[in-house]
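Fold and geometry: a report
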Amino acid sequence: MSEQHVIIAGGGMGGLTAALALLRRGIDVDVYEQAPQLRELGAGLWISPNGTRVLRELGLTEAIDAINLGARDRVVRLWDSGEQWSVYTRQTGSDHNLLMVMRSELHRVLVEAVQAIKPGAIHLDARVAGFTQDEQSVQVQFEDGRVASGTALVGADGLHSKVRAAAFGPSPGRFTNAIAWRGLVPVQRLAPHHREPVASTWLGSTAHVTSYPVRRGEQEYVSFSGQAESSKWTVESWSEQGSIAECLQDFQGWHQDIIDLVENAETLYKWGLFVRDTLPNWSNGRVTLMGDACHPMVPYLGQGVNMAIEDACVLARALAGGSAQDTQAALQRYSGARAERGALTVQRSLGMQYVFHNPKLGNPETAIGYVNENWSPAKMKERYDWLFSYDANTVAI
Ligand SMILES: Cc1cc2nc3c(=O)[nH]c(=O)nc-3n(C[C@H](O)[C@H](O)[C@H](O)COP(=O)(O)OP(=O)(O)OC[C@H]3O[C@@H](n4cnc5c(N)ncnc54)[C@H](O)[C@@H]3O)c2cc1C
């Protein structure tokens, strides 16, 4: 073990991936998670090749293959007629392969992998409140008065990060005039064609829906998230519940497949979609940030978790082989390697809102032309190749 000891605030997907990546490089880690239990949202998640590459390098190939439902195809569909276009590998000629997993399953895989190396690494019921630092170490304060000390602190504490606020000041969100709905539907409540291993994005004039099947053990679900334009939302929380009637209002006139998903969801959640100014530098002395703590993004490119996984890999590489004295410089190298890509992904994700939503999609005479133009193989390459081809395992730091 190196003399370094990294404290990670937050045991979400980013914090756990970072813990695993650091432990595998011989760096001691403790993860402090505010929740009293280890659990994740009931929702699906897609992992794109840029995330998969990191998970495989972390020794998780077998574990993720066991939970992945494996997309055979990715399609875009028209909101009302359901007409569909394949936009995946066979047309683009590039590797756009997606893993489709339950968030809770990937979270479990990460927890087990961390605990296999250091059984006591994850501490629950531990809410980080702030920190102080000096030349040698960082002291982390918890809300219940406890203190932990390490050579570095990583804020992986999500959207409303306490570490970011303490290191860089407040970062108010700006509403993007869109809300998101999400739900999980047991497949036995749906017609058989919903089980096909296809990731579908339904395009409409002021809303879009992404849906795909996932599984937990033997139980399969269809996971969906629908983003709809709205001028009257202010709450930014992923655990706010909504009603079926309210959700249906946002999808009036949509294809029966979408109505079936909404009406059969176990629970419907909705939240406001916000953006924040990106930080040019994520590191401050012995403290740094990763994941949603430093680059929260709207979900239109499906990159929030993938970016957190990339961050984790580059962070571990930057710290590996160094000493406690080198920590500040290593954290600057990490930020230098990541901040620009994080900011670009935030910006391009937001830019997708008006690619998914366009008035031309509301008119059958213009909708098909719009899809052909905006979802052509050339557009797909331009939109996704730079994202998916990135290799966090080898990128220069
Ligand atoms: C429904 C939905 C679907 C999504 N789909 C995708 C997708 O398909 N692909 C994709 O790449 N991204 C997706 N995203 C985005 C993605 O989930 C987030 O970007 C990702 O979870 C960020 O990971 P994180 O570890 O940075 O933060 P989080 O997952 O938010 O984890 C932060 C953790 O820190 C803990 N915490 C918070 N404050 C404190 C504190 N003070 N002290 C200690 N612990 C604290 C929290 O309890 C939490 O466990 C989706 C998001 C949602 C809501």
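Below: a short report on this structure.

Criteria and thresholds
Residues numbered from 1 in each chain as written. Predicted model: local features only at pLDDT ≥ 70, side-chain atom pairs only at ≥ 80, totals over all residues. Near = placed C-beta within 6 Å. Helix = DSSP H or I, 4+ residues; strand = E, 2+ residues; numbered from the N terminus. Nonpolar A, V, L, I, M, F, W, Y, C, P; charged D, E, K, R; others polar. Pairing = 2+ DSSP bridges. Axes fitted to C-alpha atoms, helices over the stretch in contact; angles between N-to-C directions. Core = buried A, V, L, I, M, F, W, Y, C linked by C-beta atoms within 7 Å. Buried ≥ 20, exposed ≤ 12 C-beta atoms within 10 Å, placed from the backbone. Contact = placed C-beta atoms within 7 Å.

**Some points on the site of the ligand**
Every one of the 33 residues lining the ligand counts as a neighbour, but G10, G12, G158, G291 and G304 are closest to it. Mapped by element, the contributors of at least two residues to the shell around the ligand are α1 (13–24), β3 (44–47) and α9 (304–319). For the shell around the ligand, the element with the highest residue contribution is α9, accounting for four residues. A breakdown of the residues in the shell around the ligand according to their chemical character gives 14 nonpolar, 13 polar and six charged.

**Some remarks on the sheet that holds strand β8 (residues 128–133)**
Read from one edge of the open sheet, three strands run β8-β9-β10, paired in antiparallel fashion. Since the sheet does not close on itself, it has two edges, and those belong to β8 and β10 (147–150), each with one partner. Geometrically, the sheet is characterised by an average inter-axis angle of 25° between neighbouring strands, direction not taken into account.

**Structural notes on the nonpolar core**
Ranked by internal contacts, the top residues of the largest apolar core, which has 120 residues, are A18 and A19. For this core, the element with the most residues is α9, which contributes eleven residues. Residues in contact with A19, not counting those within four places in the same chain, are I8, V29, V31, V114 and A121.

**Topic: unusual backbone geometry**
The backbone of D125 sits at a positive phi, close to 60°, despite the residue not being glycine. Along the chain, D125 falls in the loop between β7 (122–123) and β8. A positive phi is found at N177, a non-glycine position, where the angle reads about 65°. In this fold, N177 is placed in strand β12 (residues 174–186). What makes N177 partly exposed here is the crowd of 15 C-beta atoms within 10 Å.

**Focus: the pairing of strand β13 (residues 198–203)**
Summarising burial for β13: five of the six residues are buried, a large majority. With six bridges connecting them, strand β4 (residues 73–78) and β13 associate as parallel partners. Bridged to D73 within β13 is V198. As paired strands, β13 and strand β14 (residues 207–216) are joined by four bridges and run antiparallel to one another. If you follow W202 over to β14, its bridge partner there is V209. Between the antiparallel neighbours β13 and β14 lie three residues.

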